[in-house]
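Structure assessment
For reference, the chains in residue letters:
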Amino acid sequence: DTIGIDCVAMCVNDIACAGGEPLFFLDYIACGKNYPEKIATIVSGVAEGCVQSEAALIGGETAEMPGFYPEDEYDLAGFAVGIVDKKDLITGKELKGGETLIGIASSGVHSNGFSLVRKIFEMTEESLNTYYDCLGKTLGEALLAPTKIYVKALKSRKNGGVKVKACSHITGGGFYENIPRMLPEGIRAVVHKDSYEVPAIFKLMAEKGDVEEKVMYNTYNMGIGMVLAVDPSEVEAAMAAVREAGETPYVIGEVEAGEKGVVLC
């Protein structure tokens, strides 16, 4: 019932990241056997994602494909269309160096790096139902926490008149592959790892799987789902706007002149 939120989030967060607002969403479900209750539960998650992102769910398609998919398996896909005035597009071209990086907290693993998750933990009922004190919940509950939808947070800063010069949605590829997308040549991002508390689920994965730090930051969001670059004079207003939307912001670094890329220190 939450997988649909993930599907919507991965589409609408990219729209928000470009400065836009999602208008509508469509979904497609393919399955080996159509169990109506199961499909209804999946679609309820999609609908919840649309509510959270203030987008309309205007249609969808369900394809029953026995012989192609096993009976109990399904595939969920979707896409969203958004709108933005050209003057409001967030491109990163205006970054000059000296800007402040603000990170918005994630809810956990979000929708990326699950191939590695499956290698680290046994995918059994017993393993997923194991309660960890450090997580305050079972492993399964922690891993299935739905992806945060940042549409309202970015809309809030826009309504507050805060100019975001660059924005990056931290998905697969983590910090190292996503943050450079928002940088022009000759500009690098410096992220301070101790500027916020890395969520327990990532520490647990690194420990259980003996995963080196660089791989963790190159696979996962490490507790930061969206990164914004703003002028230092606008930091307080940007943080206030993000909080007003119910999200948690942190100042996590800065932008400076240098070879395009990310430095974690």
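Residues numbered from 1 in each chain as written. Predicted model: local features only at pLDDT ≥ 70, side-chain atom pairs only at ≥ 80, totals over all residues. Heavy atoms only, no water.

1. A look at the overall build of the chain
Quick note on the threshold: The secondary structure listing takes helices from DSSP runs of H or I that are at least 4 residues long and strands from runs of E that are at least 2 residues long, numbered from the N terminus. A radius of gyration in this sense is built from C-alpha atoms; the matching globule rule multiplies 2.2 Å by the number of residues raised to 0.38. Exposed residues in this analysis have more than 50% of their type's maximum accessible area, buried residues have under 20%, and partly exposed residues fall in between, with area computed by a 1.4 Å probe over protein chains only. Contacts were defined at the residue level, with two residues in contact if any of their heavy atoms lie within 4.5 Å. The charge count treats Lys and Arg as positive and Asp and Glu as negative. His and the chain ends do not count. For this purpose, a charge sits on NZ of Lys, CZ of Arg, CG of Asp or CD of Glu.
Summing up its helical and strand segments, the chain has ten helices and eleven strands in all. For a compact globule of 265 residues, the expected C-alpha radius of gyration is about 18 Å, and the chain comes in at 19 Å, within 12% of that figure. Burial statistics for the chain: of 265 residues in total, 48% are counted as buried. Considering only contacts within the chain whose residues lie at least 6 apart along the sequence, 85% involve residues at least 24 apart. Within the chain, the 39 negative side-chain charges are centred at a point lying 7 Å from the centre of the 24 positive side-chain charges.

2. Side note on the environment of glutamate 61
Inspection of the secondary structure assignment puts glutamate 61 in strand 2 (residues 56-64). Distance from glutamate 61 to tyrosine 28, taken between C-alpha atoms, is 4.7 Å for residues 33 residues apart in sequence. If near-sequence neighbours (up to four positions away) are discounted, glutamate 61 is found in contact with Asp27, Tyr28 and Ile29.

3. Overview of the packing of helix 1 (residues 3-17) against helix 2 (residues 36-53)
Basically, it comes down to this: In this analysis an axis means a line fitted to C-alpha atoms, helices contributing only their contacting stretch, and an angle means the value between N-to-C directions, from 0 to 180 degrees. The cut-offs work like this: below 35 degrees is roughly parallel, past 145 is roughly antiparallel, 65 to 115 is roughly perpendicular, and the gaps in between are oblique. Left-handed describes a crossing in which the near helix is turned anticlockwise from the far one by less than a right angle; the clockwise case is right-handed. Side-chain classes are defined by residue name, with Ala, Val, Leu, Ile, Met, Phe, Trp, Tyr, Cys and Pro counting as nonpolar, Asp, Glu, Lys and Arg as charged, and the others, Gly among them, as polar.
In the contact formed by helix 1 and helix 2, the axes pass within 6 Å of each other and the chain directions differ by 40 degrees. Judged on the interaxial angle alone, helix 2 and helix 1 are oblique. For the pair helix 1 and helix 2, the crossing hand works out as right-handed. Contacts between helix 1 and helix 2 pair Ile3, Gly4, Ile5, Val8 and Val12 from the former with Ile42, Gly45, Val46, Glu48, Gly49, Cys50, Gln52 and Ser53 from the latter. When the residues that make up the contact of helix 1 with helix 2 are grouped by side-chain class, the tally is seven nonpolar, five polar and one charged.

Read these as layout, nothing more, since geometry by itself doesn't imply function.
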